[in-house]
Amino acid sequence: MSGIIISNILILGGTALIAAIVLYFVAQKFKVEENPKIEQIEALLPGANCGACGKAGCHAFAVACANSSETEFKDLFCTVGGQAVMDKVASEMGYVAAVKEPCVAVLKCNGTCQNAPDKVIYTGMKSCRMANRISVGRSGCPNGCLRFGDCVKACPFGAIKMDEVTGIPVVDENKCTSCGACVRTCPRGLYEIRPKNNGVRVYVACSNTQKGALARKNCKAACIGCMKCSKICEAVKVENNLSYIPTTVSAEEFGASLAENCPTGAIICTKNSSSAEVKNEQ
Amino acid sequence: MSNKTFHIGGIHPDKHKITTNKPIEDAGLPEIAYIPVKQHIGSPAKILVSKGDKVKVGTLLADADGIVSADVHSSVSGEVLKVEEIEGEFGYLEQMITVKVEGDEWEESIDRSPDIIKEITLSPEEIIAKIREAGIVGMGGAGYPTPIKTTIPEGKKVEYLIINGIECEPYLTADDRLMVEKAEQIIVGAKILNKVLGIQNAIIAVDENKPNAIEVLRKITRSYVGVNVQVMQTKYPQGAEKQLIEAVTGREVPSGKLPVDVGCIVQNVGTVNAIYEAVQKNKPLFERVVTVSGDAAENPSNFMVRVGTPASYLINKVHGNPAEIGKIIFGGPMMGTSAVNINAPITKLSSGILLFKDDHSFKPEETACIRCGKCVDACPVGLRPFAIASQVRDGDYHEMKQLHVLDCIECGSCAYICPARIPLLDYCKLGKYELKKSK
């Protein structure tokens, strides 16, 4: 009896020993050298795997950083971690990180329940994707916010909340990392990533390209393409009955006057948002 | 022996054919007609008229732009008020020609006598040209231009012509009444198609729940050679093109192929009637039968409606009480879409308007899938709707394609049968829409 046990231990132990020796030499032969910096850089990254950097995830970004030359490194930026993280990664690599202004997502629609009231009763699924496919939306605006909050679910940082009074989503600029998940999710492409600029931003909160009268029929805060803004600042472009304020326009210089002079309140200046709201209520 | 039907899936919804014995009424003329220039699959027609032009009934308003397109004719006589974008069925803007109705003056070339012209004198090429000039499209709902369908590609041979008189959607009776009242026209239309396609025999397929139509058609087909009536066992969605071919001939149309690849051509009875009127009477397609029904309609009926009539005009006609109406559906209850704009015009493809009380309308209150597999059993294409739904939720296009969501015929059997009230049809439609868009 004990003979069987001993012989079993010897046979199994011998097989294991041979396999271990073979595996050791195979592992030596096919060894893959991994850059030790990859692991160090990955430890510095936020680990959100959001894809905002354009890579498949944080590991892919770390690999790209570790294998980059100095000029290539300038194009890599983790918007979620921001400048602080990038500076650390740069010191790890011995390079200098590119300086990028922090950005934030803005909603290019002000079609609140008050500005663009419901015209039809929607009983379908509470999803923007679905509502966008089925019809023009509750308010009748073909480009406006559908107010079901797909972006709220999509935001990996919990920066977007539905405002219960207005019915449209609000971006918390302190939590927003400008990863762009909302830009990709919104079926109507209403989000735009714009520089944070210390809280002073001016943008057109409308995406409606219909003619003025039609746009106003559905929403009180629609851009009617009246060109008033382009007279205040020449850089403002009006195309397809819709105004667009480039990010190069100085919000400090023109913001207040653009927002005040917009007859429908479609232009929002974040420092001056109180006056824009007053105008919408009228 | 029971009648033929298709073999995979299918359901038996309640019929509710409450208007089956209501004769087709003339809906009359609206004050203003809104005629969309795109009432078909393909490119919109090129507009030929402008503001202030006087038009008659049957005047060409817009010309087919390219091969996959169709002519649009005026359905009323009067003055063109404007040509601009107006809110359509889904609330999106569509190019429409607005005509203010003045009198009812028809083009002289249209033969308005009630006599039936049985003799077919034109050659197949001339007949196809007539069909093209009349702007005929598939009136079953797809809106595929008929001239393309009747022109057989090189190297293909047609063995079966199936005239689709199934009308499997509950409530709708437009095709049913058309078969009862215009039976002889449809039969002559079938003979015209026989000549075009170069075949000897046309089959008119009718569901067994239409005894009146079957009786009338059987009586008249006795005096015609080459047109037969085939009675089919009732099952939804038998009126779908590929399901009907399988039911009648036993041939299966492969995924991504056309019926003509298995030697079959299917035409709706409405289309065949329009072909008769175009070829024998020179009448373009500008009116069609529409069923206005539902439990919120006080006086449901079938109407002969001019294209461009606002839906609200017909709703007033059946004395739909606006306070009682909970949901308005354009089309049938299974495949139709709920109305966003009730002033949207009737097009060549509108088969019905249904008015439902609030407690009768379907509102998805989605609960968890219990994996009962009823949707898989019901799907006439053999798909797995529950699996498609979860992939659509995740937005996984690759998996959606693997599950063949593009083969979905959007019949709604899965959503009808689902005990968890999951709007499976909506998921499938969304999947198709996003997959096509992502290409």
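Our subject in this report is the structure included herewith. (Residues numbered from 1 in each chain as written. Chains lettered and ligands numbered in written order. Predicted model: local features only at pLDDT ≥ 70, side-chain atom pairs only at ≥ 80, totals over all residues. Heavy atoms only, no water.)

1. What about the overall build of chain A?
From N to C terminus, chain A includes 12 helices and eight strands. Taking 2.2 N^0.38 as the reference for a compact globule, 282 residues should give roughly 19 Å; the C-alpha atoms of chain A span a radius of gyration of 28 Å, well beyond that estimate. Taking the principal axes of its C-alpha atoms as reference, chain A extends roughly 95 × 50 × 30 Å. Counting only residues that meet the buried cut, chain A has 43% of its 282 residues in that class. Long-range contacts, defined here as pairs at least 24 residues apart, represent 58% of the contacts in chain A between residues at least 6 apart. Summing over all exposed atoms, chain A offers an accessible surface of approximately 15,000 Å²; the carbon and sulfur share of this is 58%. Across chain A, 31 positive and 24 negative side-chain charges occur, with their mean positions spaced 10 Å apart. (Helix = DSSP H or I, 4+ residues; strand = E, 2+ residues; numbered from the N terminus. Rg over C-alpha atoms; globule rule 2.2 N^0.38 Å. Buried < 20%, exposed > 50% of the residue type's maximum accessible area, 1.4 Å probe, protein only. Contact = heavy atoms within 4.5 Å. Areas by Shrake-Rupley, 256 points an atom, 1.4 Å probe, with all protein chains shown as cover. Lys, Arg positive; Asp, Glu negative; His and termini not counted. Charge placed at Lys NZ, Arg CZ, Asp CG, Glu CD.)

2. Regarding the sheet that holds strand S3 (residues 46-47) of chain B
Residues and elements named next belong to chain B. With antiparallel pairing, the three strands of this open sheet are ordered in space as S3-S5-S6. Of all strands in the sheet, those bounded by a partner on one side alone are S3 and strand S6 (72-73). Where strand S5 (residues 60-63) meets S6, two bridges bridge the pair, whose relative direction is antiparallel. When the bridges of S6 are listed, Leu-60 appears paired with His-73. (Pairing = 2+ DSSP bridges.)

3. Focus: the sheet that holds strand S13 (residues 287-293) of chain B
Residues and elements named next belong to chain B. If you walk across this open sheet you meet the six strands as S1-S14-S13-S17-S15-S16, and the pairing is mixed. Two strands lie at the open edges of the sheet, namely strand S1 (24-26) and strand S16 (337-338), each paired on one side alone. Docked against the sheet, helix H3 (residues 174-181) engages S1, S13 and strand S14 (301-306), running at close to 125° with respect to S13. (Axes fitted to C-alpha atoms, helices over the stretch in contact; angles between N-to-C directions.)

4. Digging into helix H10 (residues 385-394) of chain B
Of the residues making up H10(B), those classed as buried are Pro385(B), Ala387(B), Ile388(B), Ala389(B), Gln391(B) and Val392(B). The inward-facing, buried residues of H10(B) abut helix H6 (128-134) of chain A together with helix H9 (374-378), helix H11 (397-402), helix H12 (413-417) and helix H13 (424-438) of chain B.

5. Things to note about the interface of chain A and chain B
The accessible area lost on association of the parts is a frequent measure of interface size. Contacts between the two partners involve 17 residues from chain A and, on the opposite side, 21 residues from chain B. At the boundary of chain A and chain B, one finds two salt bridges. In this structure, the salt-bridge partner of Lys217(A) is Glu87(B), at a minimum N-O distance of 3.9 Å. Here chain A is connected to chain B by six residue pairs in polar contact (both at pLDDT 80 or more). For the side of chain A that touches chain B, the secondary-structure elements that each account for two or more residues are H6 and helix H9 (212-218) of chain A. Top element by residues in the side of chain A that touches chain B is H6(A). It accounts for five residues. When the residues that make up the side of chain A that touches chain B are grouped by side-chain class, the tally is seven nonpolar, six polar and four charged. (Salt bridge = Lys/Arg side-chain N within 4 Å of Asp/Glu carboxyl O. Polar contact = N/O pair within 3.5 Å; in protein donor to acceptor, adjacent residues only side chain to side chain. Nonpolar A, V, L, I, M, F, W, Y, C, P; charged D, E, K, R; others polar.)

6. Concerning the side chain of Glu434(B)
Among the secondary structure elements, Glu434(B) is positioned in helix H13. In this structure Glu434(B) comes out as buried when scored by relative accessible area, which is 10%. A polar atom in the side chain of Glu434(B) sits 2.8 Å from the side chain of Arg129(A).

7. Let's talk about the pattern of salt bridges
Residues and elements named next belong to chain B. In total, this model carries 25 salt bridges over all chains according to the counting rule given. Note that Glu-287 is salt-bridged to Arg-306, the shortest N-O span being 3.4 Å. You can see Glu-287 sitting in strand S13 and its partner Arg-306 sitting in strand S14, a full 19 residues away along the chain. Exposure class is identical for Glu-287 and Arg-306. Each is buried. Shared partners join several salt bridges into a network, and the residues in it are Asp-104, Glu-277, Lys-283, Glu-287 and Arg-306.

8. Considering unusual backbone geometry
Glycine aside, negative phi is the norm for most residues, and most peptide bonds take the trans geometry. Between Tyr236(B) and the following residue, Pro237(B), the backbone shows a cis peptide bond with an omega angle of -5°. The topology assignment puts Pro237(B) in the loop between strand S11 (227-232) and helix H6 (241-249). Positive phi, close to 50°, is recorded for Asn197(A), a residue that is not glycine. On the secondary structure map, Asn197(A) appears in the loop between strand S4 (191-195) and strand S5 (202-204). Given a relative accessible area of 25%, Asn197(A) falls into the partly exposed group.

9. A few points about the packing of helix H2 (residues 36-44) of chain A against helix H3 (residues 58-66) of chain A
All names here are of chain A. Running from N to C, H2 and H3 cross one another at 130°; their axes reach a closest spacing of 8 Å. As summarised for this structure, H2 and H3 are arranged oblique, according to the angle between their axes. Between H2 and H3 lies a crossing whose hand is right-handed. Between H2, through Lys-37, Ile-38, Ile-41 and Glu-42, and H3, the contact on the second element is made entirely by Cys-58, His-59, Ala-62, Val-63, Cys-65 and Ala-66. For the contact of H2 with H3, the class distribution of residues is seven nonpolar, one polar and two charged. (Parallel < 35°, antiparallel > 145°, perpendicular 65-115°, else oblique. Left-handed = near helix turned anticlockwise from the far one by under 90°.)

10. A word on the state of the cysteines
In this structure the tally under the stated criterion is zero disulfides over all chains. The thiol of Cys50(A) is not disulfide-bonded; the next cysteine sulfur, from Cys179(A), is found 4.9 Å away. Free of any disulfide, Cys411(B) has its nearest cysteine sulfur in Cys379(B), 6.3 Å distant. Cys411(B) sits in the buried class, given a relative accessible area of 6%. (Disulfide = S-S within 2.5 Å.)

11. As for a nonpolar patch on the surface
Together, Leu17(A), Ile21(A), Tyr24(A) and Phe25(A) make up a nonpolar patch on the protein surface, roughly 460 Å² of accessible area in all. With respect to the helices and strands, the residue Tyr24(A) is situated in helix H1 (residues 2-29). (Patch = residues over 30% accessible without salt bridge, like charges linked within 9 Å, V, L, I, M, F, W, Y side chains within 5 Å.)

12. Quick notes on the packing of aromatic side chains
The final tally for this structure, using the stated rule, is five aromatic pairs over all chains. The interplanar angle of 45° and the centroid separation of 5.1 Å between the aromatic rings of Tyr122(A) and Phe148(A) together place this pair among those described as tilted. Linking Tyr122(A) in the loop between strand S1 (103-107) and H6 with Phe148(A) in the loop between H6 and helix H7 (150-154), this pair joins segments that are 26 residues apart in sequence. Each of the two residues, Tyr122(A) as well as Phe148(A), counts as buried. When the ring centre of Trp106(B) is taken as reference, the NZ or CZ atom of Arg112(B) above it lies at 3.8 Å. We note Lys283(B) situated over the ring of Phe286(B); from NZ or CZ to the ring centre the distance is 5.5 Å. (Phe/Tyr/Trp six-rings, centres within 6.5 Å; stacked < 30°, edge-to-face > 60°. Lys NZ or Arg CZ within 6 Å of the ring centre and 35° of its normal.)

13. Examining the nonpolar core
All names here are of chain B. The biggest cluster of nonpolar side chains holds 46 residues, and the ones touching the most others in it are Ile-136, Leu-161, Ile-163, Ile-186, Ile-204 and Leu-217. Elements supplying a minimum of two residues to this core: helix H1 (124-133), strand S9 (160-165), H3, helix H4 (183-197), strand S10 (202-207), helix H5 (211-221), S11 and helix H7 (269-281). By residue number, the principal contributor to this core is H4, which donates nine residues. In terms of nonpolar packing, the next biggest core, distinct from the first, is built from 27 residues, Cys-379, Val-392, Cys-428 and Leu-435 among them. (Core = buried A, V, L, I, M, F, W, Y, C linked by side-chain atoms within 4.5 Å.)

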